[in-house]
Amino acid sequence: SYDGRWLPVAEELARQYGLKAGDRVLDIGCGKAFLLYELTQAVPGIEVSGIDISEYGIAHAKEEVRDNLKAGSCTSLPYGDDSFDFVYSINTFHNLAIQDLFQAVREMVRVARGKAYICVESFRNEREKANLLYWQLTCRSFHDPDEWEWIYGQCGYDGDVGFIYFE
């Protein structure tokens, strides 16, 4: 069962991005949508959407937001251009092969009206790279932060970025 651990993250995102009632938010790689659910608690009246490759994740997602979720690929988002006030992707894009990664970031840029945030796993030194290779079973795209920033730039992404390191 879900323990509420995503509420502080939702509150921080709401504060940092000035989210308010009526804003449309998309989570790319939403999993069971715990963070989207908490955004609806942190910002009453917010409109949330989520997409994830896992049919299982969507089927077992938080009931309160399940109707707003779609199973599908982040390389072909089923949403119109500029249709979201805030788009984010946390711990998803590093799981993509390089050609899919570029397409996914371009799609994120396409559907976002402005505010955006991507967080991926990365490394700053050989030890963290070894740890990432050893611990992360689904990671396909291994890049240091400079390389990630270059990829984002190639795709026209100028939103915020975050990195998780295996120290």
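Predicted, not measured: the structure shown is a model, and the values here were computed from it.

Enquirer: For this particular structure, what's the right way to read the state of the cysteines?
Expert: Here, the word disulfide means a covalent bond between the sulfur atoms of two cysteines. According to the stated counting rule, one finds zero disulfides in the structure shown. Cys 74 takes part in no disulfide bond, and the closest cysteine sulfur to it belongs to Cys 30, at a distance of 11 Å. Judged by relative accessible area, which is 11%, Cys 74 ranks as buried.

Enquirer: Even after reading the chapter, I still don't get the layout of surface pockets, so can you show me in this structure?
Expert: Taken as a whole, the largest pocket spans an internal volume of roughly 370 Å³. Lining the largest pocket are 15 residues, and of these Trp 6, Gly 29, Cys 30, Gly 31 and Ile 90 sit closest to its centre. Of all elements in the fold, only α2 (34–42) and β4 (84–90) reach the threshold of two or more residues within the lining of the largest pocket. Residue classes in the lining of the largest pocket are distributed as seven nonpolar, five polar and three charged. As a volume, the second largest pocket reaches approximately 170 Å³. Ile 28, Gly 29, Ile 51, Asp 52, Ile 53, Gly 72, Ser 73, Cys 74, Thr 92, Asn 95 and Leu 96 are the residues that line the second largest pocket. Tallied by class, residues from the lining of the second largest pocket come to five nonpolar, five polar and one charged.

Enquirer: Just checking my understanding: could you explain the packing of helix α1 (residues 7–16) against α2 for this structure?
Expert: Two packed helices can be described by the angle between their axes and the distance between those axes. Running from N to C, α1 and α2 point in directions that differ by 60°, and their axes come no closer than 8 Å. The angle between α1 and α2 places the two elements in the oblique class. α1 and α2 meet at a crossing whose hand is right-handed. Of the residues in α2, those touching α1 at Leu 7, Val 9, Ala 10, Glu 11 and Leu 13 are Leu 35, Glu 38, Leu 39 and Ala 42. Counted by class, the contact of α1 with α2 contains seven nonpolar, no polar and two charged residues.

Cut-offs applied
Residues numbered from 1 in each chain as written. Predicted model: local features only at pLDDT ≥ 70, side-chain atom pairs only at ≥ 80, totals over all residues. Heavy atoms only, no water. Disulfide = S-S within 2.5 Å. Buried < 20%, exposed > 50% of the residue type's maximum accessible area, 1.4 Å probe, protein only. 1 Å grid on protein atoms, 1.4 Å probe; cavity = no way out; pocket = protein on both sides within 12 Å on 5 of 7 lines; lining within 4 Å. Points joined across faces, edges and corners; volume = space filled by probe spheres on them. Helix = DSSP H or I, 4+ residues; strand = E, 2+ residues; numbered from the N terminus. Nonpolar A, V, L, I, M, F, W, Y, C, P; charged D, E, K, R; others polar. Axes fitted to C-alpha atoms, helices over the stretch in contact; angles between N-to-C directions. Parallel < 35°, antiparallel > 145°, perpendicular 65-115°, else oblique. Left-handed = near helix turned anticlockwise from the far one by under 90°. Contact = heavy atoms within 4.5 Å.

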